[in-house]
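One-letter residues, chain by chain:
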Amino acid sequence: MGGTVLGHAADNSGDKPGDGTVGKALGVLDEVAGFGRPVRFGELLSQSPYPKATLYRFLQTLTNQGMLAYEPERQTYTLGIRLVRLAHAAWQTSSLAPIARPHIDLLSEAVGETVHLAQLDAAQVLYVDKRNAREPLPMYSQAGKIGPAYCTGVGKAMIAFLPEDDLSPILAQQSFHRFTPNTLASEAALRTELARIRSRGYAFDREEHEPGIICVALPILTARGRVLGALSVTSSTERTSLDALEDHVPLIRRTTQAIAEEAQSWRFPDADTTPKIGRG
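Residues numbered from 1 in each chain as written. Predicted model: local features only at pLDDT ≥ 70, side-chain atom pairs only at ≥ 80, totals over all residues. Heavy atoms only, no water.

Colleague: Explanation requested: the layout of surface pockets in the structure shown.
Modeller: Any empty space left between the atoms is revealed when a probe the size of a water molecule rolls over them. Estimated volume of the second largest pocket: approximately 170 Å³. Looking at the second largest pocket, the residues that line it are Gly201, Leu218, Pro219, Ile220, Leu221, Arg253, Thr256, Gln257, Ala260 and Glu261. Going through the elements one at a time, strand 8 (213-221) and helix 10 (249-266) are the ones with two or more residues in the lining of the second largest pocket. With 5 residues, the top contributor of residues to the lining of the second largest pocket is helix 10. The residue makeup of the lining of the second largest pocket, split by class, is 5 nonpolar, 3 polar and 2 charged. (1 Å grid on protein atoms, 1.4 Å probe; cavity = no way out; pocket = protein on both sides within 12 Å on 5 of 7 lines; lining within 4 Å. Points joined across faces, edges and corners; volume = space filled by probe spheres on them. Helix = DSSP H or I, 4+ residues; strand = E, 2+ residues; numbered from the N terminus. Nonpolar A, V, L, I, M, F, W, Y, C, P; charged D, E, K, R; others polar.)

Printed below as a string of structure tokens:
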């Protein structure tokens, strides 16, 4: 970082009451991660709610704890090795990915198209694993990325099977930004689509998030109907059609059932209460 640290007046953080110092430091960590590349102090300061001295202090603490790494020559921050270790441990213990890996490997080999494994993260979709097609396509989704629930196949497949008490607050948090002309841009339109998904048991992405990208997706459900995640087979309109992707539904369904059965046997058992959102 270097240079003299100058303090500003009030700290207007916008953090939730009770988050305290830890919550604020994690917010700074999120800001660094959000850049997706090494970032300089000035860049962070330009979008930070904290005064220069406060931001410096958080960055120094996070670096000392190994959550961030600082490169003196370039004067940049990146995510630290300790954070990577923690993320890997969380992935191993809280994600469907280790359980699903052999199953999605077989599915990917059988269909030859891109396969996504996703779970709900609050009101959004977290892609936890991905297998590329034999001829890979450029697309937004990558393992570790967050996507919208209302306009992705995996997102709609999951929220369609949530109980209303869980669904309503999730719908209230959707942005309904229109990514393409096909995006469902209102809660009413999405609810109509979700009813269709519940009826047939699977969802489509009709170029709703990315132009030219289509998919069919099925939820991963426990025996009691709790949502653990979703699987999709994704391709492009140049290469195939929704009708052709729909032909894969029986195989995808067998895969989701196999994942659910294995997951329930040791990591995600059904509770005796009303099914809740599966976050792994």
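Colleague: I would appreciate a short explanation of helix 1 (residues 20-35) in the present structure.
Modeller: An α-helical turn contains 3.6 residues, so any two residues separated by three or four positions project in the same direction. Taking 1.5 Å per residue, 16 residues should reach 22 Å; helix 1 reaches 24 Å between its end C-alpha atoms and fits that length. Inspection of helix 1 places Gly23, Ala25, Val28, Leu29, Glu31 and Val32 among the buried residues, and these make up the whole buried set. Trailing helix 1 by a residue or two, Gly36 shows a phi angle of about 70°, which is positive. (Expected span 1.5 Å × (residues − 1). Buried < 20%, exposed > 50% of the residue type's maximum accessible area, 1.4 Å probe, protein only.)

Colleague: Just checking my understanding: could you explain the sheet that holds strand 5 (residues 124-131) for this structure?
Modeller: In sheet architecture, strand pairing relies on hydrogen bonds along the backbone and comes in two forms, parallel and antiparallel. Ordered by their spatial adjacency, 6 strands build an open sheet running 6-5-4-9-8-7, and the pairing between neighbours is antiparallel. Across the chains shown, the open sheet's two edge strands, defined by having one partner strand only, are strand 6 (146-148) and strand 7 (203-206). Pairwise comparison of adjacent strand axes, ignoring direction, gives a mean angle of 35° for this sheet. Inspection of the sheet shows strand 8 paired to strand 9 (residues 227-236) by 9 bridges, in the antiparallel sense. Its bridge partner lying in strand 9, Leu221 is registered against Val227. (Pairing = 2+ DSSP bridges. Axes fitted to C-alpha atoms, helices over the stretch in contact; angles between N-to-C directions.)

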